[in-house]
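# A look at the structure
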Amino acid sequence: QVQLVESGGGLVQAGGSLRLSCAASERYVMGWFRQAPGKEREFVGGITKSGGYTDYADAVKGRFTISRDNVKNTVFLQMNSLKPEDTAVYYCAANPTTIRTGYRYWGQGTQVTVSS
């Protein structure tokens, strides 16, 4: 049973930063998604097993950074220059068909709220 445990969400003012963590029971290609109220879940970014390649949605490119610690099987989402429109529940996911689609395993989600 693959387990993904997220942490690090919270409330931050616009322009601030947060770092989310996702601890996995095994090493996979990993991704981050988010879902705002009334909207569909959307891809935020992904990272390969080695960490040598990352992919980002245009909305977060240049502001968010994904990294990983393969000793601890943990993936991080560093979010800088946060905007109110980044407010959402953020999910980590693992073992996809492609880095943007087909993720098989999901975390429980963590709330990120950005105040203006």
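Structure report, in brief. Only a predicted model underlies this, so the values are computations on that prediction, with no experimental measurement involved.

### A word on the pairing of strand 11 (residues 110–115)
Taking every second residue as pointing to the same face, the buried face of strand 11 carries T110, V112 and V114, while none of Q111, T113 and S115 on the other face is buried. Note: strand 2 (residues 10–13) against strand 11, 4 bridges, orientation parallel. Across the sheet, the residue bridging to G10 is V112, located in strand 11.

### Considerations on the pattern of salt bridges
A full pass over the atoms with the stated rule returns 5 salt bridges. The shortest N-O distance in the salt bridge between R34 and E42 comes to 2.6 Å. Residue classification places R34 among the buried residues on the basis of a relative accessible area of 6%. With a closest N to O distance of 2.7 Å, D86 and R63 form a salt bridge. Here R63 lies in the loop between strand 6 (54–56) and strand 7 (64–69) and D86 lies in the loop between strand 8 (74–79) and strand 9 (88–94), a separation of 23 residues in the sequence. For the pair formed by D86 and R63, the shared burial category is buried.

### Considerations on unusual backbone geometry
Its identity as a non-glycine residue notwithstanding, N73 has a phi of 50°, on the positive side. With respect to the helices, strands and loops of the structure, N73 is situated in the loop between strand 7 and strand 8. Overall, the relative accessible area of 17% leaves N73 in the buried class. Phi is positive for N95, which is not a glycine, with a value near 65°. Position of N95 relative to the elements: it lies in the loop between strand 9 and strand 10 (105–106).

Rules and cut-offs
- Residues numbered from 1 in each chain as written.
- Predicted model: local features only at pLDDT ≥ 70, side-chain atom pairs only at ≥ 80, totals over all residues.
- Heavy atoms only, no water.
- Buried < 20%, exposed > 50% of the residue type's maximum accessible area, 1.4 Å probe, protein only.
- Helix = DSSP H or I, 4+ residues; strand = E, 2+ residues; numbered from the N terminus.
- Pairing = 2+ DSSP bridges.
- Salt bridge = Lys/Arg side-chain N within 4 Å of Asp/Glu carboxyl O.

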